[in-house]
Amino acid sequence: MKEHIISSLISTIGENRVLTGSVVRERYHHVWLMDQPLNALAVVLPRTTQDVAKTLSICHDLHQPVVMHGGLTNLVGGTQTKAGEVVVSLEKMNAIEEIDPKSRTLTVQAGAILENVQQAAEKAGLLFPLNFGAKGSAQIGGIIATNAGGLRVLRYGMTRQLVVGLEAVLANGTVISSLKKILKDNSAYDLKQLFIGSEGTLGVITRAVLRLVEAPSTRISALAGLNDYDQVVAFLKFMDKGLAGTLSSFELMWPATYKVLTTPPASVSPPLPYDYNYYVLLDSLGSDPKFDPVRFQNLLEEALNQGLIQDAVPAESATDIDRFWTIREDVAPMVAKCQHIQQFDISLPIPLIGEILNQIVKELYRIPEVEKVFTFGHVGDGNIHLVIGKSHQSEALINRINDRVYQPLTAIGGSISAEHGIGVHKKNYLHISRSPEEIQLMKTLKHTLDPHNILNPGKVLDLM
Ligand SMILES: Cc1cc2nc3c(=O)[nH]c(=O)nc-3n(C[C@H](O)[C@H](O)[C@H](O)COP(=O)(O)OP(=O)(O)OC[C@H]3O[C@@H](n4cnc5c(N)ncnc54)[C@H](O)[C@@H]3O)c2cc1C
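Let me sum up the structure you'll find in this document. (Residues numbered from 1 in each chain as written. Predicted model: local features only at pLDDT ≥ 70, side-chain atom pairs only at ≥ 80, totals over all residues. Heavy atoms only, no water.)

### So, the site of the ligand
As a structural note, the neighbourhood of the ligand is formed by 33 residues, with Met-68, Gly-70, Gly-71, Thr-73 and Gln-139 the closest of them. In the environment of the ligand, an oxygen atom lies 2.7 Å from a nitrogen or oxygen atom belonging to the side chain of Thr-73. Between the ligand and Asn-456 there is a distance of 2.8 Å, counted from an oxygen atom to a side-chain nitrogen or oxygen. At 5 residues, helix α5 (residues 140–146) tops the list of elements feeding residues into the shell around the ligand. A per-class count over the shell around the ligand returns 13 nonpolar, 18 polar and 2 charged. (Near = heavy atom within 4 Å. Polar contact = N/O pair within 3.5 Å; in protein donor to acceptor, adjacent residues only side chain to side chain. Helix = DSSP H or I, 4+ residues; strand = E, 2+ residues; numbered from the N terminus. Nonpolar A, V, L, I, M, F, W, Y, C, P; charged D, E, K, R; others polar.)

### A few points about helix α1 (residues 2–13)
In a regular helix each residue adds 1.5 Å, so 12 residues correspond to 16 Å; α1 covers 16 Å between its end C-alpha atoms and thus fits that length. In this structure, the buried residues of α1 make contact with β1 (18–19), β2 (42–44), α3 (49–61) and β4 (86–89). Immediately beyond the C-terminal end of α1, within one or two residues, lies Gly-14, with a positive phi of roughly 115°. (Expected span 1.5 Å × (residues − 1). Contact = heavy atoms within 4.5 Å.)

### Brief notes about the side chain of Gln-64
Looking at where Gln-64 falls in the secondary structure, it is placed in the loop between α3 and β3 (66–69). Judged by its relative accessible area of 5%, Gln-64 is buried. Here Gly-84 takes part through its backbone oxygen, which lies 2.8 Å from a polar atom of the side chain of Gln-64. Setting aside residues no more than four positions away along its own chain, Gln-64 makes contact with Ile-5, Leu-41, Cys-59, Gly-84, Glu-85, Val-86 and Ile-454. (Buried < 20%, exposed > 50% of the residue type's maximum accessible area, 1.4 Å probe, protein only.)

Below you can see the structure in the form of structure tokens.
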């Protein structure tokens, strides 16, 4: 059977596009686990959408499980792979096919890396606003499959809001292509939405038309220190109103997180002293070099006068802006402090974040194996990340920690996943965010689109 699958793939896609044996083991399933060899039957590297269609058609007919690999940066075990599974990676389909400055769209193959897309847009005087720490590795296909969020959701929305057209291949090899450049299209069901955020379980994303916006000509950042959480909420409302639509990021760090990200081995020194209970890093993208900095400075001064913040330091130069944002984007110093790591990306109503996070952190420290709890996140979107360092790793401990973090979310209408998705890590907790009827409809969709359950089996939904 195995030989039959491999020989079918080789004869259809070509020998040099189907990796087997030791070459497979030189690869890995996650960027943080490069020392662990990939376990898989074969890795297929399609060059075209038709290659993907033929690969899936073969796998569908033979009931062969397929795992999609993008940039391998997901944080939910979404690219974990078993020995008998075929990996499909679109790394050779990485072309930026067209930038249309008048429609303000960029047409791209799914294997293109986010940073390359950002740079191509910038060269054309435009901005692809999606931005997050893994931009140097994450691919457009993986990003769309996870409906990634990141640092500018507050202003530009999640990936879903930035995808205008999409091409995907169904489990049986049917190509569903709608690469239109129009923003509005209410011609019955918007089928592309099915694939956005479906984590490779409903189809393989092969190409997309992305929405660009006019590039800003000013960028202003500042770091503020605050003493209580109600001030954070008031400061968010104050700056958002005052900046009249140009507030692009509003990121919160609790003191332990700020400290670890600004002391060696972190590369950045602290712009503000370690005196405050909350640190907000904010960013405004605008278009008026004379007016924007003055307005921003005036607003910060007014916030200080009104007692909304205790302290603030604006970035004085482009180097300063990079320095400030390195604090928030480079999570490596935090990860290095954890013997074993468990991380979360929960969503909560913004006004409740201060109280609920205090409660969760207190509960976590009651677990003897929990050594560190770092909290930070996109507070402007109600999305908080927790990185938990533990003295050892076991299934029972993972579940205990999960329970402490997820338990308060049901009562307040929160979500177990703001932006990272479900993968395998959160599958057993989906019922906290979704009703039984919603989960049943998801299963019906999965069964309809992938009747043999070949696409990323065991991820997102438990079909048993
Ligand atoms: C340092 C760091 C910071 C991060 N910050 C953020 C953040 O701020 N916001 C955020 O949302 N995420 C963040 N992430 C998570 C991660 O970067 C995103 O989930 C990203 O979108 C994954 O893209 P990828 O190409 O690496 O996908 P992968 O990890 O390769 O795959 C992700 C999922 O999509 C599937 N998939 C991959 N390609 C395709 C395809 N072509 N068609 C169908 N399915 C496919 C995979 O099977 C898997 O289930 C961060 C990760 C790291 C390591």
